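If you want the building blocks of each chain, they are given just below.
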Amino acid sequence: MSLLKQFDQKNIEAGKELHRFAGELYPICRSITGDGIRRTLSMIGDRIPLKTLEVPTGTPVFDWTVPKEWNIRDAYIKGRAGKRVVDFQKCNLHVLNYSTPIRATMPLGELKPHLHTIPQNPDWVPYRTSYYKEDWGFCLSHNQMLALKDEEYEVCIDSTLEDGHLTYGECYFPGRSDDEVLISCHACHPSLANDNLSGLTVATFLAQLLSGRDLRYSYRFLFIPGTIGAITWLARNRETAGRIRHGLVLTGIGDKGRFHYKKSRQGNAEIDRAAAHVLTHSTESPEILEFSPSGYDERQYCSPGFNLAVGCLMRSVWGNYPEYHTSADNLEFIQPLQLVESLRVCAAILDVLEHNRRYVNVNPYCEPQLGRRNLYRSTGGEAIGAEINARLWMLNFSDGKHSLLDIAERSGLPFASISDAADLLLHNHLLSLVPGDGKQGTDRGELSPENSLRRS
Ligand SMILES: [Zn+2]
C-alpha cells in the first residue's frame with residue numbers, strides 16, 4: 001500500500017475509465033427523487049448488480065415523510081426578443097432544484113427575488129435547492145443577471161411535483177460473515193462532479209473490485225438521495241443496520257485537495273483507525289477530523305439511536321472550497337489520477353478490514369530461530385530490513401490480544417507489511433490464528449484498481 005503514489009499505466013487507465021463514467025453521468029439532472037436518479041442508478045446497474053427500490057410519496061420515515069416526486073423537462077427565461085437568456089438545456093443548475101412549475105410573464109423587478117447568483121464568483125452558476133418548501137427560482141451567473149435589461153420576461157419551468165416515489169439503489173455482496181461493511185454515497189446532485197459523481201463512480205468501481213471475491217465481510221453499497229435517502233433506508237432496515245460493523249460515506253474524492261477522513265461518532269472504531277492508518281501511510285498530509293453532526297449521510301448513520309461505525313472519506317471538505325455547489329464543480333475539477341488514488345485508498349482500507357485479525361505466537365519463550373527457517377538475513381552484522389522487522393513485531397505482539405492493526409499502529413509499519421509477515425509466519429507454523437477470529441479466506445489477493453479495470 002506504500003505503492004499508492006506510484007501510478008503505473010494501468011492505474012492511469014483505471015483513472016480515465018472512472019472519469020469517463022463521471023462524464024456519462026454528468027449531464028443528467030438528478031434530484032432527491034425522479035427520473036434523473038433513476039437513470040443514474042440504471043447506468044450504475046449496467047456495471048454492478050444493483051437492486052433499485054421505490055418508496056411511495058407520503059411514507060413516514062422516522063420524523064420525516066417521503067416527499068413528492070419531482071421531474072423536469074425544460075426551463076428558461078426569455079427576453080422581449082424571444083431569446084432564452086437563461087436556459088436549462090445549457091446547464092441544469094439554472095433551475096432551482098425542486099422548483100414548482102410556472103408559466104408567466106413578469107417585469108424584472110418581480111422576477112429578481114427568484115434569481116440566485118454568487119456575486120464573489122460572478123461567472124459561476126450556483127446550485128440551490130428547495131426540497132421541503134414549495135418555491136420556484138433560477139440560478140445564473142452574477143454577470144448574466146447584471147446584463148438583464150429592465151423589461152418583461154417570459155418565465156417557464158416545465159416541471160412536475162406530484163405523488164410518486166423516492167428511488168435508491170442497493171448492491172449487496174455476501175461474505176463469509178453476516179457482519180457488514182457499508183459503503184454509502186449520495187446520488188441526488190445534478191451536474192456537479194466532485195460533490196456526488198466522484199463518490200458514485202469510485203463506489204461503483206469498488207463494488208466491481210469486490211464482485212466475485214471470497215470475502216470475510218458482507219458488503220452493502222447504497223446509492224441514495226442525500227439525507228432523506230439515508231433516513232429512508234435506515235427506517236426500512238432497522239434490523240439490517242445492526243449488522244453494519246464498519247462503514248464509509250464517500251464524497252468529494254475527485255479534486256486535487258489532500259485527503260480528509262471524518263471519524264465516526266464512536267471516534268475510535270476499527271474503520272476510524274483503518275482509514276487513518278491507510279491515509280497516513282499512503283497519502284500526502286492527510287487530516288483526520290473528529291466527528292461533528294454536520295456533513296453528509298454519516299449524520300444519519302451516526303445518529304444516537306444507531307451510532308454506527310461509519311466515517312466519511314473526502315478530499316477537500318464540503319463548503320471549504322469555492323467551487324462547492326457551483327458550476328465550477330465540473331468535469332475539469334475532478335481528475336483521473338485523483339479518482340483512481342481515491343479508489344486505491346478505499347481498497348486499501350477494505351484490505352485492512354478484511355485481513356485484520358489476531359494471532360498467537362506458538363514459540364513465545366524467547367525468539368524462535370528464524371535463520372534456520374530462512375526467515376532472517378543470511379549474514380550477521382548487517383542491519384535488518386523492514387521485512388524482518390515486521391516479522392519480529394508480529395512474533396512479539398502476537399499474544400492473542402493484539403490485532404494486525406494494533407501491531408501496525410504500534411510499530412509504525414504499514415499494515416500490508418505486517419499482514420505479509422503474518423502470512424509468512426503462519427505458513428511457517430510460527431503463528432496460529434486466534435480461533436473464530438475471522439476465518440482465513442482463500443482469496444488473499446489485495447484489492448487494486450487494475451483488477452477493477454480487468455473485471456469491468
Ligand atoms: Zn452537496
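Quantities reported herein were computed from a predicted structural model and do not represent experimental measurements. (Residues numbered from 1 in each chain as written. Predicted model: local features only at pLDDT ≥ 70, side-chain atom pairs only at ≥ 80, totals over all residues. Heavy atoms only, no water.)

**Q** Would you mind going over the coordination of the zinc ion with me for this structure?
**A** A four-donor tetrahedral metal ideally has 109.5 degree angles, and a six-donor octahedral metal ideally has angles of 90 or 180 degrees. Here the zinc ion is held by His 189 (NE2), Asp 195 (OD) and His 325 (NE2), and the distances to it run 2.0 to 2.1 Å. Taken in chain order, the donor set of the zinc ion reads H-x5-D-x129-H. Here His 189, found in the loop between strand S11 (180-186) and helix H5 (193-210), pairs with His 325, found in the loop between strand S16 (310-314) and helix H10 (336-355); they are 136 residues apart in sequence, far enough to count as distant. Judged by its relative accessible area of 8%, His 189 is buried. His 325 gets classed as buried once you look at its relative accessible area, which sits at 18%. (Donors = N, O, S within 2.8 Å, 3.2 Å for Na, K, Ca; no water. Helix = DSSP H or I, 4+ residues; strand = E, 2+ residues; numbered from the N terminus. Buried < 20%, exposed > 50% of the residue type's maximum accessible area, 1.4 Å probe, protein only.)

**Q** Is there a simple way to explain the state of the cysteines in this structure?
**A** Simply put, disulfide is the name for a covalent bond between the sulfur atoms of two cysteines. Following the criterion strictly, the structure yields 0 disulfides and no others. There is no disulfide at Cys 312, and the cysteine sulfur nearest it, in Cys 302, is 9.7 Å away. Owing to a relative accessible area of 0%, Cys 312 belongs among the buried residues under this scheme. (Disulfide = S-S within 2.5 Å.)

**Q** How do you make sense of the packing of helix H12 (residues 404-411) against helix H13 (residues 415-427) when you look at a structure like this?
**A** Helix-helix packing is described using two parameters, namely the angle between the two axes and the distance between the axes. Axis separation between H12 and H13 bottoms out at 9 Å; the angle between their running directions is 125 degrees. By the angle class used here, H12 and H13 are oblique. Both H12 and H13 take part in a crossing whose hand is right-handed. Across the interface between the two elements, Leu 404, Leu 405, Ile 407, Ala 408 and Ser 411 from H12 touch Phe 415, Ile 418, Ser 419 and Ala 422 from H13. The class makeup of the residues in the contact of H12 with H13 is 7 nonpolar, 2 polar and no charged. (Axes fitted to C-alpha atoms, helices over the stretch in contact; angles between N-to-C directions. Parallel < 35°, antiparallel > 145°, perpendicular 65-115°, else oblique. Left-handed = near helix turned anticlockwise from the far one by under 90°. Contact = heavy atoms within 4.5 Å. Nonpolar A, V, L, I, M, F, W, Y, C, P; charged D, E, K, R; others polar.)

**Q** Which parts of the structure should I look at to understand H5?
**A** Since there are 3.6 residues in each turn of an α-helix, residues three or four apart along the chain are aligned in direction. Its 18 residues give H5 an end-to-end C-alpha distance of 24 Å, which sits within 8% of 26 Å, the value for a rise of 1.5 Å per residue. Positive backbone phi, at 80 degrees, marks Gly 212, one or two positions downstream of H5. (Expected span 1.5 Å × (residues − 1).)

**Q** What am I meant to see in the sheet that holds strand S17 (residues 358-361) here?
**A** Across a sheet, strands are paired by hydrogen bonds formed along the backbone, either parallel or antiparallel in direction. Spatial ordering of the open sheet is given by S18-S17-S19, a layout of 3 strands whose pairing is antiparallel. In this open sheet, the two strands that pair with only one neighbour each are strand S18 (399-403) and strand S19 (431-433). For this sheet, the mean angle separating the axes of adjacent strands, direction not counted, is 35 degrees. Where H12 meets the sheet, it contacts S17 and S18, and its direction lies at approximately 65 degrees from that of S18. (Pairing = 2+ DSSP bridges.)

**Q** I tried to follow the side chain of Asp 272 on my own but got confused; where do I start?
**A** Counting through the fold element by element, Asp 272 comes out in helix H8 (residues 270-282). No salt bridge is formed by the buried Asp 272. Its closest oppositely charged neighbour is Lys 263, at 6.5 Å. With near-sequence residues (within four places) excluded, Asp 272 lies in contact with Tyr 261, Lys 263, Ser 264 and Gly 267. (Lys, Arg positive; Asp, Glu negative; His and termini not counted. Salt bridge = Lys/Arg side-chain N within 4 Å of Asp/Glu carboxyl O.)

**Q** Is there a simple way to explain the packing of helix H11 (residues 386-397) against H12 in this structure?
**A** Here H11 crosses H12 at 125 degrees, and the two axes come no closer than 10 Å. Viewed along their axes, H11 and H12 adopt a mutual orientation that is oblique. Along this stretch, H11 crosses H12, giving a crossing that reads as right-handed. Residue-level inspection shows Trp 393, Met 394 and Phe 397 of H11 in contact with H12, the latter providing Leu 404, Ile 407, Arg 410 and Ser 411. Taken together, the residues that form the contact of H11 with H12 break down as 5 nonpolar, 1 polar and 1 charged.

**Q** Got a minute to help me understand the pattern of salt bridges in this structure?
**A** In a structure, side chains of opposite charge can pair up when their charged atoms sit close to one another. Applying the stated criterion to the full structure yields 23 salt bridges. A salt bridge links Arg 20 to Glu 17, with the shortest nitrogen-to-oxygen separation between them at 3.0 Å. You can see Arg 20 and its partner Glu 17 sitting in helix H1 (residues 9-25), 3 residues apart, about one turn around the helix. Put simply, Asp 74 and Arg 84 hold a salt bridge, and the shortest N to O gap is 2.7 Å. One end of the pair, Asp 74, is in strand S4 (residues 69-78); the other, Arg 84, is in strand S5 (residues 84-87), and 10 residues separate them in sequence. One network of salt bridges, in which partners are shared, links Asp 35, Arg 38, Glu 54 and Glu 69.

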